[in-house]
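This is what each chain is made of:
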Amino acid sequence: MMDDETEQLTELLAADLDDGFTELVRVHARGVHAFLLRVAGSAAEADDLGQETFLRAYTALRGYSGDRRRALRPRAWLLTIAANVWRNHVRTSVRRPVSAMRVEDAEDMWSDARPGPEERATAVEDRHRLVAALSQLPELYRVPVVLRHVVGLSYAELAEVQDCPVGTAKAQVSRGLGHLRRLLGPHEAERKKVAM
Amino acid sequence: MKPDGEQTSRSPGPLESRLAELGQGGATTAEHFALRVLRRTGIPHTRYDTYVRLETAAGGLYVAFNSHAITMSVLESDSRQGQRPVTAERFEELHRRRVGRSAIPTEKPLAGLRPALRTGRSRHLPIDLSTLPAAERAVLEAVRAIPPGQLRPASWIAREAAQQMRAEAVIGVLAHNPVTVLVPCHRATDDNGAPCDAAYPHETGDALRHAEGMDPAAVRQWAQGDATLLGSTTTRIYCHPTCAHARRITPARRVPFRTPGDARRAGYRACKSCRPAAA
């Protein structure tokens, strides 16, 4: 089903750029936004970088022939652009540091439809700790971990975005998860002491 | 120190699934994000529809529209769409398939949409049915003319639509109503007076009718009785039982009729508001 959709989408892009692009945004805006939100840790930044990602995508598509549009794998292609936009952003921010990275997680977006207040509080806390740990994960690991497990790319797609062999992509994710577990570890222990 | 048992009991599951949940959390921001992307890229608004999710008596309703008219609406509880509830993504796919444009979430509903849903008066809401075959369009337009809080049988709908259609065919059209709730097919019944509810479960239809002041028990009672029409001994006019005029008849003055023929033979004429069949 996913493949069918992809095929339809690339056909649309080839036939009519504005219509195809609208559909591209509809289908993939969530994924691109989720990726940027989790690597950047800030909704405002994710928004800016996401806008830039799609603007670049649109400009690029305008220069592509129909055949080239038809041959696209839209999700991996878009996320490659997003990852590049993010890396450029990090590079510029390092040159001109503004402030420490903020870690945001807008609770109001998802606080509804959760079970009782207590479980909710625990869930919120868990989520906050995970988001914080992600932001401490070294750049090298954060991007592949988010792409694989938050956005849900396959290893093949991940390898395409990272421009590396599939094996390397798997290794990056696995090391990243290990690192993330270590980052979460001490917190969990501390929390338990407090709870006692 | 806590005993080990505690540790496992509040374990939030494997790290991977917790990460996957993070990907779903930002949906709302991402939604308005899509609209901002399209505006920033300069795609003209005529190239896509936008949609909102509004609350109704029967739960969430997705409504998509272009700059001047509503193009599609689907209840979350819609039973035609396979798995329930219908998610936003599913609605977008259905819309794409039917309307041929992308539906992008927005926060601003089309002017007049909220009041129409609140009051049930959706008759003058602009609804685009132009993609449907003429006969189906005529049927749905006839349904739109049924006032809130009232019911009409399928044969009435066919007659008002000026279509030579059997009741089953009318119900078939209602089953594919692409603008649920706003084209109020919860006000349509079969010719015995039982609500069709062709596009959703009966509970959904009951909830919608109840919100318009129609008691589900009373509706069922009418459907089970023999009488499909109600006359007044004062005016000697007969109506559909839910017609505003019929509801004003005092119980002592009510005369039930089974067919327009019976009413005519008793010297009654048809109401000009609810236009029951004349014999």
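Residues numbered from 1 in each chain as written. Chains lettered and ligands numbered in written order. Predicted model: local features only at pLDDT ≥ 70, side-chain atom pairs only at ≥ 80, totals over all residues.

Enquirer: Tell me about the overall build of chain B, residues and numbers included.
Expert: Helix and strand counts for chain B stand at 11 helices and 10 strands. Over its C-alpha trace chain B gives a radius of gyration of 24 Å, far above what one expects of a compact globule, namely 19 Å for 279 residues. In terms of principal-axis extent, the alpha carbons of chain B reach across some 85 × 55 × 30 Å. The buried share of chain B, taken over its 279 residues, is 43%. By sequence separation, contacts in chain B at least 24 residues apart represent 58% of the contacts at least 6 residues apart. (Helix = DSSP H or I, 4+ residues; strand = E, 2+ residues; numbered from the N terminus. Rg over C-alpha atoms; globule rule 2.2 N^0.38 Å. Buried ≥ 20, exposed ≤ 12 C-beta atoms within 10 Å, placed from the backbone. Contact = placed C-beta atoms within 7 Å.)

Enquirer: Give me the lowdown on the pairing of strand E3 (residues 70–75) of chain B, citing residues and values where you can.
Expert: With six of six residues buried, E3(B) is to be regarded as a mostly interior element. The antiparallel hairpin formed by strand E2 (residues 59–65) of chain B and E3(B) contains four residues in its connecting segment. (Pairing = 2+ DSSP bridges.)

Enquirer: So what's going on with helix H4 (residues 88–99) of chain B? Which residues, and what values?
Expert: Between its first and last C-alpha, H4(B) extends 16 Å over 12 residues, near the 16 Å set by a 1.5 Å rise per residue. Turning to H4(B), its buried residues number three or more, namely Phe91(B), Glu92(B), Leu94(B), His95(B) and Arg96(B). On the buried face of H4(B), the contacting elements are helix H2 (17–40) of chain A together with strand E1 (48–56), E2, E3 and strand E4 (102–105) of chain B. Where H4(B) ends, the next residue or the one after it, Gly100(B), has phi of about 80°, a positive value. (Expected span 1.5 Å × (residues − 1).)

Enquirer: Give a description of unusual backbone geometry that names residues and reports values.
Expert: All names here are of chain B. Residues other than glycine seldom take positive phi values, yet Val181 does so here, at roughly 70°. Along the polypeptide, Val181 turns up in the loop between helix H8 (167–175) and strand E6 (188–189). With phi around 55°, Arg236 is a residue other than glycine that occupies positive phi space. With respect to the element layout, Arg236 can be found in the loop between strand E7 (229–232) and strand E8 (237–239). According to the C-beta neighbour criterion, Arg236 is partly exposed, with 13 such atoms within 10 Å.

Enquirer: Mind laying out the domain arrangement of chain B, listing which residues take part and the relevant values?
Expert: Residues and elements named next belong to chain B. When cut into domains, chain B gives domain 1 (119–223) and domain 2 (229–270). For domain 1 versus domain 2, the separation of C-alpha centres amounts to 22 Å. If you look at the interface, domain 1 gives six residues, while domain 2 gives four residues. Taken together, the residues of the side of domain 1 that touches domain 2 sort by class into three nonpolar, two polar and one charged. (Domains from an automatic or database assignment. Nonpolar A, V, L, I, M, F, W, Y, C, P; charged D, E, K, R; others polar.)

Enquirer: Account for helix H6 (residues 134–144) of chain B, naming residues and giving values.
Expert: It helps to recall that an α-helix has 3.6 residues per turn; residues three or four apart then point in one direction. Within H6(B), burial applies to Glu136(B), Ala138(B), Val139(B), Leu140(B), Ala142(B) and Val143(B). Buried positions along H6(B) lie against helix H7 (154–160), H8 and E6 of chain B.

Enquirer: Describe in detail the domain arrangement of chain A, supporting the description with residues and values.
Expert: All names here are of chain A. Taken as a whole, chain A is organised into domain 1 (1–99) and domain 2 (109–196). In this complex, domain 1 contributes 12 residues to the contact, which on the side of domain 2 involves 14 residues. Listed by contribution, the elements that provide at least two residues to the side of domain 1 that touches domain 2 are H2 and helix H5 (74–95). When residues of the side of domain 1 that touches domain 2 are assigned to their parent elements, the largest contribution, six residues, is made by H5.

Enquirer: Tell me about the sheet that holds strand E9 (residues 254–257) of chain B, and please be specific about residues and values.
Expert: Hydrogen bonds between backbone groups are what pair the strands of a sheet, and the pairing can be parallel or antiparallel. Residue and element names in this part refer to chain B. Judged by pairing direction, the sheet is mixed, and its four strands sit side by side in the order E9-E7-E8-E10 without closing on themselves. In this open sheet, the two edge strands, each paired with only one partner strand, are E9 and strand E10 (269–270). Judged from the four bridges that link them, E7 and E9 form a sheet pairing that is antiparallel. By the bridge assignment, Leu229 is partnered in E9 with Phe257.

Enquirer: Before we move on, can you summarise the confidence of the model for chain B with the specific residues and values?
Expert: Per-chain confidence: chain B averages 88 in pLDDT, with 92% of residues scoring 70 or above. Across residues 1–12 of chain B, confidence stays below pLDDT 50; counting only partners more than four residues off in sequence or on other chains, it has seven contacts. (pLDDT = per-residue confidence, 0-100.)

Enquirer: So what's going on with the packing of H2(A) against helix H7 (residues 139–151) of chain A? Which residues, and what values?
Expert: All names here are of chain A. Relative orientation of the contacting elements H2 and H7 amounts to 140°, with a least axis distance of 10 Å. Looking at the two axes, H2 sits oblique to H7. As H2 packs across H7, the resulting crossing turns out to be right-handed. Contacts between H2 and H7 involve Gly31, Ala34, Phe35, Arg38 and Val39 on the former and, on the latter, Arg142, Val143, Val146, Leu147, Val150 and Val151. (Axes fitted to C-alpha atoms, helices over the stretch in contact; angles between N-to-C directions. Parallel < 35°, antiparallel > 145°, perpendicular 65-115°, else oblique. Left-handed = near helix turned anticlockwise from the far one by under 90°.)

Enquirer: A description of the packing of H7(A) against helix H8 (residues 155–162) of chain A should follow, citing residues and the corresponding values.
Expert: In helix packing, the relevant descriptors are the interaxial angle and the interaxial distance, both defined with respect to the helix axes. Residues and elements named next belong to chain A. H8 packs onto H7 with a crossing angle of 150° between their chain directions and a minimal axis gap of 10 Å. Crossing handedness for the pair H7 and H8: right-handed. Between H7 and H8, the residues in contact are Pro144, Leu147 and Arg148 and Leu158, Val161 and Gln162, respectively.

Enquirer: Break down the sheet that holds E1(B) for me, citing the residues and quoting the values.
Expert: Residues and elements named next belong to chain B. The four strands are arranged E3-E2-E1-E4 in an open sheet whose pairing can be described as mixed. Edge positions in the open sheet fall to E3 and E4, since each of these has one partner strand only. Neighbour-to-neighbour, the strand axes of the sheet open up by a mean angle of 30°, direction not taken into account. Across five bridges, E2 lies against E3 in antiparallel orientation. Bridging across to E3, Val63 finds its partner in Ser73.

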